[in-house]
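Now for the letters of each chain:
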Amino acid sequence: MIATHNPAVFVLVIEPDETLANQLAFDLQEAGYDAIVTHDAVNGLQFCRDRQPALIVVDRMLVGESGLSLCKNLRNIGNRSPVLILMARDTVDDRIACLDAGADDYILKPYRSEDFLKLIRLYLKPDIDTTEQLRFGDLILDIGTRRAIYNSKAIDLTMKEFELLKFLMEHPREVLTRDKILENVWGYDFMGESNVIEVYIRYLRLKIEEEGQKRLIQTVRGVGYVLRDS
């Protein structure tokens, strides 16, 4: 199934359930995106080799190969399109598995059109035309490219990693409670467990804190987190 509303911005849907795949494609089409659907990992991977989707939606449960394995393969061939994983459970282990695979975010089943399109719009909003940068010591966050630079090393961030680091860098040396972080990074309607923050803090630390260097994102036990250099 191919929708033709906006050929400049298209989303690849890899979903074995034909009914769900058609619903995803229909919602994307109604929202003004070009949707291309395939039902298995082999065709999905080949399509990504041939073309560059603006975003990829993949079910965690594919025939013959998991969606997480496919995501790893996409990253291994150099594909940097945002990847959203469709999954039935929302546990810390599931979130970690998604991040380990290189996914940017996830969509929970049962499928809800409103939540899906809200996430799609977040990831496909136009690039910010700005040269604004946030700085904290040797750590730089480029707002336009959504990349971090630490000790002259460029660091790719997922959308949520970027939003979390941006919020921390906008409030340097200020202790931020978990509730405040959830409200500002995940939004008022976030219904997940608060320890989702710990998952993303862990990945930010792995990316920006080199072994043997001082910790920039510090835990304030029982309260939250603070960005500081002492």
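Our structure's up above, just so we're on the same page.
Described in the following lines is the structure provided in the data block. Nothing here was measured: the structure is a model prediction, and the numbers come from that model. (Residues numbered from 1 in each chain as written. Predicted model: local features only at pLDDT ≥ 70, side-chain atom pairs only at ≥ 80, totals over all residues. Heavy atoms only, no water.)

### Quick look at the nonpolar core
Phase 1 of the analysis: Formed by 34 residues in total, the largest nonpolar core has its most connected members in Leu141, Leu165 and Ile181.
Phase 2 of the analysis: Put simply, the parts of the chain that give this core at least two residues each are α4 (92-101), β6 (133-136), β7 (139-142), β8 (147-150), α6 (159-170), α7 (178-186), α8 (196-208) and β12 (224-227).
Phase 3 of the analysis: Looking at which element gives the most residues to this core, the answer is α8, with eight residues.
Phase 4 of the analysis: Not counting chain neighbours up to four residues away, the residues in contact with leucine 165 comprise Leu139, Leu141, Ala148, Leu157, Leu204 and Ile208. (Core = buried A, V, L, I, M, F, W, Y, C linked by side-chain atoms within 4.5 Å. Buried < 20%, exposed > 50% of the residue type's maximum accessible area, 1.4 Å probe, protein only. Helix = DSSP H or I, 4+ residues; strand = E, 2+ residues; numbered from the N terminus. Contact = heavy atoms within 4.5 Å.)

### Notes on the pattern of salt bridges
Phase 1 of the analysis: Tallying each qualifying case throughout the model produces 13 salt bridges.
Phase 2 of the analysis: A salt bridge links aspartate 59 to lysine 109, with the nearest nitrogen and oxygen atoms 2.7 Å apart. Here aspartate 59, found in strand β3 (residues 55-59), pairs with lysine 109, found in the loop between β5 (105-108) and α5 (113-123); they are 50 residues apart in sequence, far enough to count as distant.
Phase 3 of the analysis: Taking the relative accessible area as the measure of exposure, lysine 109 reaches 30% and is therefore partly exposed.
Phase 4 of the analysis: One connected set of salt bridges, linked through shared partners, spans Arg60, Arg89 and Asp94. (Salt bridge = Lys/Arg side-chain N within 4 Å of Asp/Glu carboxyl O.)

### Focus: the side chain of threonine 38
Phase 1 of the analysis: Along the chain, the position of threonine 38 falls in strand β2 (residues 34-38).
Phase 2 of the analysis: The class for threonine 38 is buried, based on a relative accessible area of 10%.
Phase 3 of the analysis: Apart from residues lying up to four places away in sequence, threonine 38 is in contact with Leu12, Val13, Ile14, Glu15, Asn43 and Gly44.

### With respect to the packing of α7 against α8
Phase 1 of the analysis: Here α7 crosses α8 at 80 degrees, and the two axes come no closer than 10 Å. In this view, α7 runs roughly perpendicular relative to α8, as classed from their interaxial angle. Contacts between α7 and α8 involve Arg178, Ile181, Leu182 and Trp186 on the former and, on the latter, Val196, Ile197, Glu198 and Tyr200.
Phase 2 of the analysis: Partitioning the contact of α7 with α8 into residue classes produces six nonpolar, no polar and two charged. (Axes fitted to C-alpha atoms, helices over the stretch in contact; angles between N-to-C directions. Parallel < 35°, antiparallel > 145°, perpendicular 65-115°, else oblique. Nonpolar A, V, L, I, M, F, W, Y, C, P; charged D, E, K, R; others polar.)

### Observations regarding unusual backbone geometry
Phase 1 of the analysis: Cis geometry is found at the peptide bond from lysine 109 to proline 110, where omega equals 0 degrees.
Phase 2 of the analysis: Along the chain, the position of proline 110 falls in the loop between β5 and α5.
Phase 3 of the analysis: One non-glycine residue, asparagine 151, lies in positive phi territory at about 50 degrees.
Phase 4 of the analysis: If you trace the backbone, asparagine 151 turns up in the loop between β8 and β9 (153-156).
Phase 5 of the analysis: One non-glycine residue, arginine 173, lies in positive phi territory at about 65 degrees.
Phase 6 of the analysis: Its location among the elements puts arginine 173 in the loop between α6 and β10 (176-177).
Phase 7 of the analysis: Residue arginine 173 is classed as exposed on the basis of its relative accessible area, which comes to 52%.

### Structural notes on α5
Phase 1 of the analysis: Those residues of α5 not exposed but buried are Phe116, Leu117, Leu119, Ile120 and Tyr123. On an axial view of α5, the arc spanned by its buried residues comes to 160 degrees, and they lie on one face.
Phase 2 of the analysis: The inward-facing, buried residues of α5 abut α1 (18-30), β3, β4 (83-87), β5 and α6. (Arc of directions from axis to C-beta.)

### Some remarks on the sheet that holds β8
Phase 1 of the analysis: Overall, antiparallel pairing links the four strands, which are arranged β6-β7-β8-β9 in an open sheet. Edge strands, defined here as strands with exactly one partner in the open sheet, are β6 and β9. Direction aside, neighbouring strands of the sheet carry axes that sit 20 degrees apart on average.
Phase 2 of the analysis: Lying over the sheet, α6 contacts β6, β7, β8 and β9, oriented at roughly 120 degrees with respect to β7.
Phase 3 of the analysis: Lying on the sheet, α8 is in contact with β7, β8 and β9; it crosses β9 at an angle near 155 degrees. (Pairing = 2+ DSSP bridges.)

### A few points about the packing of aromatic side chains
Phase 1 of the analysis: Tallied over the full model, the rule gives two aromatic pairs.
Phase 2 of the analysis: Their ring planes at 85 degrees and their centres at 5.8 Å tell us that phenylalanine 10 and phenylalanine 47 sit as a pair that is edge-to-face. With phenylalanine 10 in strand β1 (residues 10-14) and phenylalanine 47 in helix α2 (residues 41-50), the pair connects residues that are 37 residues apart, well separated along the chain. Exposure class is identical for phenylalanine 10 and phenylalanine 47. Each is buried.
Phase 3 of the analysis: An angle of 65 degrees between the planes, with centres 5.4 Å apart, marks the rings of tyrosine 111 and phenylalanine 116 as edge-to-face. Each of the two residues, tyrosine 111 as well as phenylalanine 116, counts as buried.
Phase 4 of the analysis: Note that arginine 51 overlies the ring of phenylalanine 10, its terminal NZ or CZ placed 4.3 Å from the centroid. (Phe/Tyr/Trp six-rings, centres within 6.5 Å; stacked < 30°, edge-to-face > 60°. Lys NZ or Arg CZ within 6 Å of the ring centre and 35° of its normal.)

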